[in-house]
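For reference, the chains in residue letters:
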Amino acid sequence: MSCEKPEDVMPRKPRHDRGKTCHKCKTQPGQLIVRHFVYCKDCFFAHVHSKFRRQMPAREAYCQPEQEPSLSVAFSGGLGASVLLDLVARTYRREGARKPVWSPITAYYVETCAAYDGVPDAVEHVKEVVNGYRGIELVVLRLEDAFDTQTPLLALSLADERLPLSSSSSATPTDALRAHLAALPTPTARLQAISNLTYALVLRAAPSHAPILFGTHLTALAVSLISGVAHGAGYNLTPPARIVRPLCEISAKECAAYAHWRALRPLRSRGPPGMDSVLGITRDFIVRLDRDFPSTVSAVARTCAKVVPKRDSSSSAGAPLTCALCERPAQHGVLEWKTRTAIRSFSSDSEQDKTEGTAVAEELCYACHTMLTSRARVRGPSDVEQVLPVPSWTSSTIRARMRESVKDFILDDED
Ligand SMILES: [Zn+2]
Ligand SMILES: [Zn+2]
């Protein structure tokens, strides 16, 4: 059957349901279409502000009356983060505002340029942006801060799935960061590692009782949910209570319009576009689908919000586990889980599986273990043993857990 006759062509849905006037105030000419609705500029800003405020947490939910109501903003400098910071400043730091709801407000920026070749340092740009807002402090962190070489870092040997300990020869934090990224097997793993390190650095720097706002807009949220499930992070679909995403109902298109009309200057994404990674492919798929079906991203986010991971309830599971690498909640027994679910190839099998030693695999979450042990489609010089220096917090967690596991066998000095 041919589709050449006009009546055979499926009619395109109109881009918006109403006329050319703003559907809110019904007087001004429309300037933007958001999910079939026409908005004028003023009504659009009111619409974004109300969606933002709806997601902002109540101060009482976080702070005891005696604690100072501090608010942390994870500021990547990207589109969502720029819109978020502007909304925070306009809502809580506007001229003539009464007693501040949140104070102090601190933006945390992690400079990631050391992870890439030829990406310029953006700290000066970020300082200019954040200092442009009254009463918001800026804390600059660097990705290499995750590898403090003052106490010796541990390293993992990636050739063996059980991830035995090895030693790191990196002299400086930047060397250790570079060695960490170079040892990772796939582009997906490298992107995931940069995002995990950034996340952990911000969480460690921000006050523990305060909410941390992330500028994850609806589109980015849908992409991260789907790609997270794809690389095995389904257990952490629901973020901890400290993490708040006030833009989770505002799409990338709305953020772009907001940034354009407010003349914000978001940073371009750092590093290569990552089209050879799970994240890049997922983003491309979701964004293209959403162009023709503008409810895609909200449907993904709404569906994922209903999914609650089954936490270990049986007593045999022991105390809850926190992943030593990404510091998110983890399930026990990653290796056993993998023997049941994955098709694996072993270079070393049987007896070695039983040896205990100082293997670290069981201290990691499923997603991190997969990130370290997945195999690249195009293999590099495969016989080179890949040794991965781990961040300072992972080194100290592993040392502490090792001490804990042998403490019954150690005699007290006094005895
Ligand atoms: Zn209007
Ligand atoms: Zn992890």
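Residues numbered from 1 in each chain as written. Chains lettered and ligands numbered in written order. Predicted model: local features only at pLDDT ≥ 70, side-chain atom pairs only at ≥ 80, totals over all residues.

Secondary structure summary: the protein contains 13 helices and 12 strands in total. Buried residues in the protein amount to 33% of all 415 residues. (Helix = DSSP H or I, 4+ residues; strand = E, 2+ residues; numbered from the N terminus. Buried ≥ 20, exposed ≤ 12 C-beta atoms within 10 Å, placed from the backbone.)

Now for helix α7 (residues 252–261). Within α7, burial applies to Ala-252, Lys-253, Glu-254, Cys-255, Ala-257 and Tyr-258. On the buried face of α7, the contacting elements are β1 (32–34), α1 (41–55), α2 (79–92) and α6 (218–230). Of the residues trailing α7, Ala-263 is marked for its positive phi of about 55°. (Contact = placed C-beta atoms within 7 Å.)

Hydrogen bonds between backbone groups are what pair the strands of a sheet, and the pairing can be parallel or antiparallel. In spatial order, the strands read β7-β6-β12; together these three strands make up an open sheet with antiparallel pairing. Each end of this open sheet is capped by a strand with a single partner; those strands are β7 (165–167) and β12 (387–389). Geometrically, the sheet is characterised by an average inter-axis angle of 45° between neighbouring strands, direction not taken into account. Sheet analysis places strand β6 (residues 154–157) next to β7, joined by three bridges and oriented antiparallel. Counted as the bridge partner of Leu-154 is Ser-167 from β7. (Pairing = 2+ DSSP bridges. Axes fitted to C-alpha atoms, helices over the stretch in contact; angles between N-to-C directions.)

Note: β6 against β12, three bridges, orientation antiparallel. Looking across to β12, one finds that Ala-155 is bridged to Pro-389.

This paragraph deals with the nonpolar core. If you look at the biggest cluster of nonpolar residues, it comprises 92 residues, and the most contacted ones within it are Val-73, Phe-75, Leu-84, Leu-213, Leu-364, Cys-365 and Cys-368. No other element matches the eight residues that helix α5 (residues 187–205) contributes to this core. (Core = buried A, V, L, I, M, F, W, Y, C linked by C-beta atoms within 7 Å.)

Consecutive side chains along a regular strand alternate between the two faces of the sheet. With seven bridges connecting them, strand β4 (residues 105–111) and strand β5 (residues 136–142) associate as parallel partners. Looking at the pairing, Thr-106 lines up with Glu-137 of β5. Handedness of the β4-helix α3 (residues 123–131)-β5 crossover: right-handed. (Right-handed = clockwise from strand over helix to strand, strands pointing away.)

Quick look at the packing of α2 against α7 now. One way to put it is that α2 packs onto α7 with a least axis distance of 9 Å and a crossing angle of 60°. As summarised for this structure, α2 and α7 are arranged oblique, according to the angle between their axes. Read as a crossing pair, α2 and α7 show a hand that is left-handed. Together, Leu-79, Gly-80, Ser-82 and Val-83 of α2 and Ala-252, Cys-255, Ala-256, Tyr-258 and Ala-259 of α7 make up the contact between the two elements. (Parallel < 35°, antiparallel > 145°, perpendicular 65-115°, else oblique. Left-handed = near helix turned anticlockwise from the far one by under 90°.)

Looking at the protein, pLDDT values average 84 and 85% of them are 70 or higher. Between residues 348–356, whose pLDDT stays under 50, and residues either more than four places distant or in other chains, the model counts one contact. (pLDDT = per-residue confidence, 0-100.)

Moving on, we get to α6. For α6, with 13 residues, the first-to-last C-alpha span of 18 Å sits near the 18 Å given by 1.5 Å per residue. Looking at α6, one finds that the buried residues are Leu-218, Thr-219, Ala-220, Leu-221, Ala-222, Val-223, Leu-225, Ser-227 and Gly-228. Elements in contact with the buried residues of α6: α2, α7, α8 (278–292) and α9 (296–306). Of the residues one or two after α6, Gly-232 is the one with positive phi, at around 90°. (Expected span 1.5 Å × (residues − 1).)

Right, let's get into unusual backbone geometry. Cis rather than trans, the peptide bond between Ser-103 and Pro-104 has omega equal to 0°. Within the element layout of this structure, Pro-104 appears in the loop between α2 and β4. The backbone phi angle of Leu-163 is positive, close to 55°, even though this residue is not glycine. With respect to the helices and strands, Leu-163 occurs in the loop between β6 and β7. Since 25 C-beta atoms lie within 10 Å of it, Leu-163 is described here as buried.

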